[in-house]
Amino acid sequence: MPEGVTAGITLLANRYEIGDVIGRGGMATVHLGNDTRLGRKVAVKLLKPSLANDPAFRTRFRQEAQSAARMAHPTIVRVYDAGEETVREPSGAEVQVPYIVMEHVDGRPLSDIISDGPVAPAEAVRITEGILTALEYSHRAGVVHRDIKPANVMVTHTGQVKVMDFGIARAITDTSATVAQTTSILGTASYFSPEQARGETVDARTDLYSTGVVLFELLTGRPPFIGDSPVAVAYQHVSEQPAAPSTIASEVSPALDAVTLHALVKDKTRRFQSAAEFRTDLQQAAAGQVPSSTRKLQQQHASDASTMLFGVNPRTTSNPAVAFRELDDDTAEHRPQRTQNRPPVAWIWVGIVLIVAIIAATVFFVANLQPGKAPVSSSVTVPNVVGATWSSASATLKKSELTPVRVTETSDDVDRGLVIRTEPGGGSGTRSR
């Protein structure tokens, strides 16, 4: 029977009989129930009463429950009913207990199966394919799960995979301000995507990352990141690279390594973009082929000039291509930011071309100068020819390689035919050659 404030609930909504506890999580307790109106076995999930104290949660909870109830697919646990039940506490106060009435699945939670140890690669692929089929259907319906983890996956005794709790995580995370608050309700951060850990907007690719974590755990028996607290694990999802599953479980093939690590790429624009793409690559890997999209991603890692072996322990991975850490959005925020934008690349090349052209023109000009024609200015000593005759003065100046120019003027002090003065005067001057 339920514990605490829900201990007094035996009949829910005057319709559902509440039985034994068949599951327990961070935000709810699941009970075996009986629909007295239709005479069928159901599962009743009773959420924490404290959640109903938030009006935003109550509104979102009803909206998401309605969306989940509209989804009908063999790989999705059906939602039959949802609402709130008024319950009286032992102290006499009344509280609202949110509840969800679901399809009862005769099987085991995937978390119980993994607790027995890693499963065979072929079985891991089959279970993951079932999860991806459910996600493909829900994503087409516009519903993002946000809390894909083994505890939310049921495997029937016939092997059918069924995913439950669609939309419920959104009602919780939309009213939880921090990772610590969210994980205190949802339980663990082991399956958080980097964007969830950073509190960013999530989309369908978030579910694919979490599915990659589940695949990793199916293959190895443990999640890719382990820490002392939910915040420590969330930080690893943002900043650390996972090891290749084959380094933990040797029977995992390189193809499955590649697909798993492709799903766990930090940058959501470079991981799988749809559940169908993920499932197709997984099927190829199961057949022993490294999918082309995953091979292309490895080549990008190997050739990308913006990738380095930062923050990666080489001993935790046997795949060199996987050891490259992407310097993308998840690490950019930790780097010093530019305060000025870079100039356009085209303008940089224009500047380089202009500089080369100027240098070439200068070299061409100097190389084509004719010897003896370059204008060179130098200082010379002008002979003093004042008082000499024109013929004598011109002869003296020519000996100094100066070209005399005769200018006639009158003088009261100098006799006719004699040099009055020179420009420049005797003893100094310049010449051009």
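Attention in this report is confined to the structure presented alongside it. (Residues numbered from 1 in each chain as written. Predicted model: local features only at pLDDT ≥ 70, side-chain atom pairs only at ≥ 80, totals over all residues. Heavy atoms only, no water.)

1. A word on the sheet that holds strand E5 (residues 79-88)
Read across the sheet, 6 strands follow the order E1-E2-E3-E4-E6-E5 without closing on themselves; strand pairing throughout is antiparallel. This sheet does not close on itself; its edge strands, each paired only once, are strand E1 (11-12) and E5. Examined bridge by bridge, strand E2 (residues 16-24) and strand E3 (residues 28-35) share 6 bridges and lie antiparallel to one another. Pairing of Val21 across the sheet is with His31, part of E3. Against the sheet, helix H1 (residues 55-69) makes contact with strand E4 (40-47), E5 and strand E6 (94-103), and its axis sits at roughly 150° relative to E5, the strand it touches most. (Pairing = 2+ DSSP bridges. Helix = DSSP H or I, 4+ residues; strand = E, 2+ residues; numbered from the N terminus. Contact = heavy atoms within 4.5 Å. Axes fitted to C-alpha atoms, helices over the stretch in contact; angles between N-to-C directions.)

2. Quick word on the packing of aromatic side chains
Scanning the model with the defined rule gives 1 aromatic pair in all. When the ring of Phe272 is compared with that of Phe278, the centres are 4.6 Å apart and the planes differ by 10°; the resulting orientation is stacked. With respect to burial, Phe272 and Phe278 carry one shared label: buried. Above the plane of the ring of Tyr80 lies Arg40, whose end atom (NZ or CZ) is 3.7 Å from the centre. (Phe/Tyr/Trp six-rings, centres within 6.5 Å; stacked < 30°, edge-to-face > 60°. Buried < 20%, exposed > 50% of the residue type's maximum accessible area, 1.4 Å probe, protein only. Lys NZ or Arg CZ within 6 Å of the ring centre and 35° of its normal.)

3. Regarding the nonpolar core
One finds Leu47, Leu110, Ile131, Leu135, Phe166, Leu218 and Phe278 to be the most contacted residues of the largest nonpolar core, which totals 60 residues. Not counting residues up to four positions away in its chain, the partners in contact with Leu110 are Ile127, Ile131, Pro150, Val153, Val155, Val214 and Leu218. Ile9, Val42, Leu46 and Val87 belong to the second-largest nonpolar core, a separate cluster that totals 12 residues. (Core = buried A, V, L, I, M, F, W, Y, C linked by side-chain atoms within 4.5 Å.)

4. Details of the environment of Arg146
Relative to the helices and strands, Arg146 resides in the loop between helix H3 (121-140) and strand E8 (153-156). Assessed through its relative accessible area of 15%, Arg146 is described here as buried.

5. A short note on the pairing of E6
With respect to burial, E6 is a largely interior element, 8 of its 10 residues being buried. Pairing geometry for E4 and E6, over 5 bridges, is antiparallel. Across the sheet, Ala43 pairs through a bridge with Met102, a residue of E6. Bridging between E5 and E6 involves 9 bridges; their strand directions are antiparallel. Residue pairing across strands places Glu84 opposite Pro98, the latter belonging to E6. The turn linking E5 back onto E6 is made up of 5 residues, and Gly92 within it adopts a positive phi angle of 100°.

6. Re the pattern of salt bridges
Here the structure, examined in full by the defined rule, presents 14 salt bridges. With a shortest N-O distance of 3.8 Å, Arg40 and Asp35 are connected by a salt bridge. Its relative accessible area of 30% is what places Arg40 among the partly exposed residues. On the accessibility criterion, Asp35 (1% relative accessible area) is buried. Among the salt bridges present, the one from Arg271 reaches Glu195, with a minimum N-O distance of 2.9 Å. In this pair, Arg271 sits in the loop between helix H9 (254-263) and helix H10 (275-286) while Glu195 sits in helix H6 (residues 194-197), placing the two residues 76 residues apart along the sequence. Each member of the pair, Arg271 as well as Glu195, is classed as buried. Several salt bridges converge on common partners, so that one network encompasses Arg15, Asp35 and Arg40. (Salt bridge = Lys/Arg side-chain N within 4 Å of Asp/Glu carboxyl O.)

7. Focus on the side chain of Ser394
Among the secondary structure elements, Ser394 is positioned in helix H14 (residues 390-399). By relative accessible area, Ser394 is classed as buried at 11%. Looking at Ser394, its side chain comes within polar contact range of the main-chain oxygen of Ser391, at 3.0 Å. (Polar contact = N/O pair within 3.5 Å; in protein donor to acceptor, adjacent residues only side chain to side chain.)

8. Considerations on H3
Over its 20 residues, H3 runs 28 Å from end to end, which matches the ideal 28 Å to within 8%, given 1.5 Å per residue. Each element contacted by the buried residues of H3 is listed here: helix H2 (110-115), E8, strand E9 (161-163), helix H7 (204-220), H9 and H10. Looking one or two places after H3, you find Gly142, whose phi comes out positive at around 80°. (Expected span 1.5 Å × (residues − 1).)

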